[in-house]
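These are the residues of each chain, in order.
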Amino acid sequence: MPERPDRRPPPSPKRPGWRRATPPPAETPAETPGDHRSVIDSAVYRQGRRVATPATLAETFRRLREQPNRMAWIGLHRPTETELLSLAEEFNLHELAVEDALEAHQRPKLERYGDTLFVVLRAARYLDAPEEVEFSELHIFVGPDFLITVRHGAAPDLPAVRRRMEETPELLSLGPEAALYAILDAVVDGYAPVVEGVQNDMDEIETEVFRGDPEVSRRIYELSREMVEFQRATRPLVAMLHGLMAGFAKYGTDEELQRYLRDVADHVTHTSERVDGFRQALTEILTVNATLVSQQQNAEMRALAEAGFEQNEEIKKISSWAAILFAPTLVGTIYGMNFEDMPELKWAGGYPFAILLMAVVCVSLYVIFKKRDWL
């Protein structure tokens, strides 16, 4: 973008309000998703200082054109189609970019339409109570004298970014690209708590895996899905920032902003690598969990098999003794029948023969079952 003629010297890198010295303030009530107002804040700046806070978009357009070397920063939250179309007409925004901003659900990207830059970002924040990651979408239009933000979600905290920039007018006087880099910095800073929260979840999951928690597989799956979304938010951002850095010379980007953008690029590269590591670790944990579950199931099946084998051995013994005891009962039952014409009924050796027959049958059965290890 062409350099503004009234720019002041860049501030020191250690000036407060730009870098990561303190976390951003909590969201203001005007930034809650349920707010019915689309225009969160609209301001006109000259030399990095706010000179007007118009109440309507039409007034913003008028105040911006009153004097040269002014910049408008318009913040919208889920705007209506009419509002975006009026902005598109005033600032000559490309219809494809406007369509993307209306529909949302876009992947992070960077597009140039003439002298206007269109940026899509995916912000993230970690929710402690449900232990999950919430993603928001942010669309940014950057022109020679304007910056328009269209948010779909709660993050990032853009009012805090605006306040920090207004506290350093020397930086804001560098133009809309300075505000863009501050927003990029805020989005990337918002990834750090998410990474910490996910790391804590990973540690808990590892403990649950080796403890044999039956619900851990579901938790691994849900966290894996969040990491896929996180990866989609961070990986394209690396290429986007390198694309911006590649245009430093062409668009005359201030050297101070170049340093800031390189720092943001380093942080997002580190975050992207951490996310890739999380996905790999989750894959390995899922494999370990499947192995442990399989081992546990095998141990249970082996225990059941051993119990069944022991039960089968007991049944063999019971069946063998039942057969042995049944033999004399059978002989005694036959000889106990009271028929007058029964053979050997009045034979003197009938009783000893019956006893001997019972003994022979029982001993024979015992020997047979013993040889088969049933007894």
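Residues numbered from 1 in each chain as written. Predicted model: local features only at pLDDT ≥ 70, side-chain atom pairs only at ≥ 80, totals over all residues. Heavy atoms only, no water.

Q: Just checking my understanding: could you explain the sheet that holds strand S1 (residues 39-46) for this structure?
A: Pairing between sheet strands relies on hydrogen bonds along the backbone, with the strands arranged either parallel or antiparallel. The seven strands lie next to each other as S2-S1-S3-S7-S6-S5-S4, forming an open sheet whose pairing is mixed. Of all strands in the sheet, those bounded by a partner on one side alone are strand S2 (49-52) and strand S4 (109-113). Sheet twist, expressed as the average angle between the axes of neighbouring strands with direction ignored, equals 25°. Across six bridges, the pairing between strand S6 (residues 132-142) and strand S7 (residues 146-152) is antiparallel. Residue pairing in the sheet places Ile140 in a bridge with Thr149 of S7. Most of the contacts of helix H1 (residues 57-66) go to strand S3 (residues 70-77), to which it runs at about 165°, and overall it touches S1, S2 and S3. (Pairing = 2+ DSSP bridges. Helix = DSSP H or I, 4+ residues; strand = E, 2+ residues; numbered from the N terminus. Axes fitted to C-alpha atoms, helices over the stretch in contact; angles between N-to-C directions. Contact = heavy atoms within 4.5 Å.)

Q: How do you make sense of the nonpolar core when you look at a structure like this?
A: Taken as a class, soluble globular proteins show a tendency for nonpolar side chains to be buried jointly. The biggest cluster of nonpolar side chains holds 61 residues, and the ones touching the most others in it are Leu121, Ile183 and Leu184. With 17 residues, helix H6 (residues 176-211) is the single largest residue contributor to this core. Not counting the four nearest positions on each side in its chain, Leu121 is found in contact with Ser136, Glu137, Leu138, Ile140, Ile183, Leu184, Val187, Leu237 and Met240. (Core = buried A, V, L, I, M, F, W, Y, C linked by side-chain atoms within 4.5 Å. Buried < 20%, exposed > 50% of the residue type's maximum accessible area, 1.4 Å probe, protein only.)

Q: What exactly am I supposed to notice about unusual backbone geometry here?
A: Peptide bonds are, in most cases, trans, and in most cases residues other than glycine have a negative phi. Despite not being glycine, Asn69 shows a phi value in the positive range, around 60°. With a relative accessible area of 30%, Asn69 lands in the partly exposed category. Positive phi outside glycine occurs at Asn92, with the angle close to 55°. Position of Asn92 among the secondary structure elements: in the loop between helix H2 (81-91) and helix H3 (95-103). Its relative accessible area of 65% is what places Asn92 among the exposed residues.

Q: What is the right way to read the packing of helix H4 (residues 158-166) against H6 from this model?
A: Packed helix pairs are specified by the crossing angle of their axes together with the interaxial distance, meaning the distance between the axes. Viewed as axis vectors pointing N to C, H4 and H6 meet at an angle of 130°, and their least axial separation amounts to 10 Å. What the angle tells us is that H4 and H6 run oblique. Handedness of the H4/H6 crossing: right-handed. Residues Leu158, Val161, Arg164 and Met165 of H4 touch H6, and the partners they reach there are Ala178, Ala179, Ala182, Ile183 and Ala186. Looking at the contact of H4 with H6 residue by residue, the class counts come to eight nonpolar, no polar and one charged. (Parallel < 35°, antiparallel > 145°, perpendicular 65-115°, else oblique. Left-handed = near helix turned anticlockwise from the far one by under 90°. Nonpolar A, V, L, I, M, F, W, Y, C, P; charged D, E, K, R; others polar.)

Q: Honestly, the packing of aromatic side chains in this entry has me stumped. Any pointers?
A: Two measures describe an aromatic ring pair: the distance that separates the ring centres and the angle between the ring planes. Considering all chains together, one arrives at six aromatic pairs under this definition. Judged by centre distance (5.4 Å) and plane angle (65°), the rings of Tyr191 and Phe230 are edge-to-face. Here Phe230 lies in helix H7 (residues 216-246) and Tyr191 lies in helix H6, a separation of 39 residues in the sequence. Of the residues examined, Tyr191 reaches a relative accessible area of 0% and is grouped as buried. (Phe/Tyr/Trp six-rings, centres within 6.5 Å; stacked < 30°, edge-to-face > 60°.)

Q: Looking at this structure, I do not really get H1. What am I missing?
A: One turn of the α-helix equals 3.6 residues, which is why residues spaced by three or four share an orientation. All of the buried residues along H1 are Leu57, Thr60, Phe61 and Leu64. Buried positions in H1, seen along its axis, are confined to an arc of 100° and lie on one side of it. Buried-residue contacts for H1 involve S1, S3 and H2. (Arc of directions from axis to C-beta.)

Q: Sorry, what's going on with the layout of surface pockets here?
A: Rolled over the atoms, a probe with the dimensions of a water molecule shows which regions are left empty. Roughly 300 Å³ of internal volume is contained in the second largest pocket. Along the wall of the second largest pocket there are 13 residues; nearest its centre are Glu131, Glu132, Glu222, Leu223 and Glu226. Only S6, H6 and H7 provide two or more residues apiece to the lining of the second largest pocket. Per element, the largest residue contribution to the lining of the second largest pocket is six residues, and it comes from H7. (1 Å grid on protein atoms, 1.4 Å probe; cavity = no way out; pocket = protein on both sides within 12 Å on 5 of 7 lines; lining within 4 Å. Points joined across faces, edges and corners; volume = space filled by probe spheres on them.)

Q: Just checking my understanding: could you explain the pairing of S3 for this structure?
A: Regular strands have side chains that alternate between both faces of the sheet. Among the eight residues in S3, eight count as buried, and that is most of the element. Because side chains alternate across S3, one face comprises the buried residues Arg70, Ala72, Ile74 and Leu76, and the other comprises Met71, Trp73, Gly75 and His77, equally buried. Across six bridges, the pairing between S3 and S7 is parallel. When the bridges of S7 are listed, Trp73 appears paired with Leu147.

Q: Explanation requested: a nonpolar patch on the surface in the structure shown.
A: On the surface, a cluster of nonpolar side chains totalling about 370 Å² of accessible area is made up of Trp321, Val363, Tyr366 and Val367. When residues in the nonpolar patch are grouped by element, the largest group, three residues, is from helix H10 (residues 350-371). Within the element layout of this structure, Trp321 appears in helix H9 (residues 255-335). Since its relative accessible area comes to 44%, Trp321 is described here as partly exposed. (Patch = residues over 30% accessible without salt bridge, like charges linked within 9 Å, V, L, I, M, F, W, Y side chains within 5 Å. Areas by Shrake-Rupley, 256 points an atom, 1.4 Å probe, with all protein chains shown as cover. Salt bridge = Lys/Arg side-chain N within 4 Å of Asp/Glu carboxyl O.)

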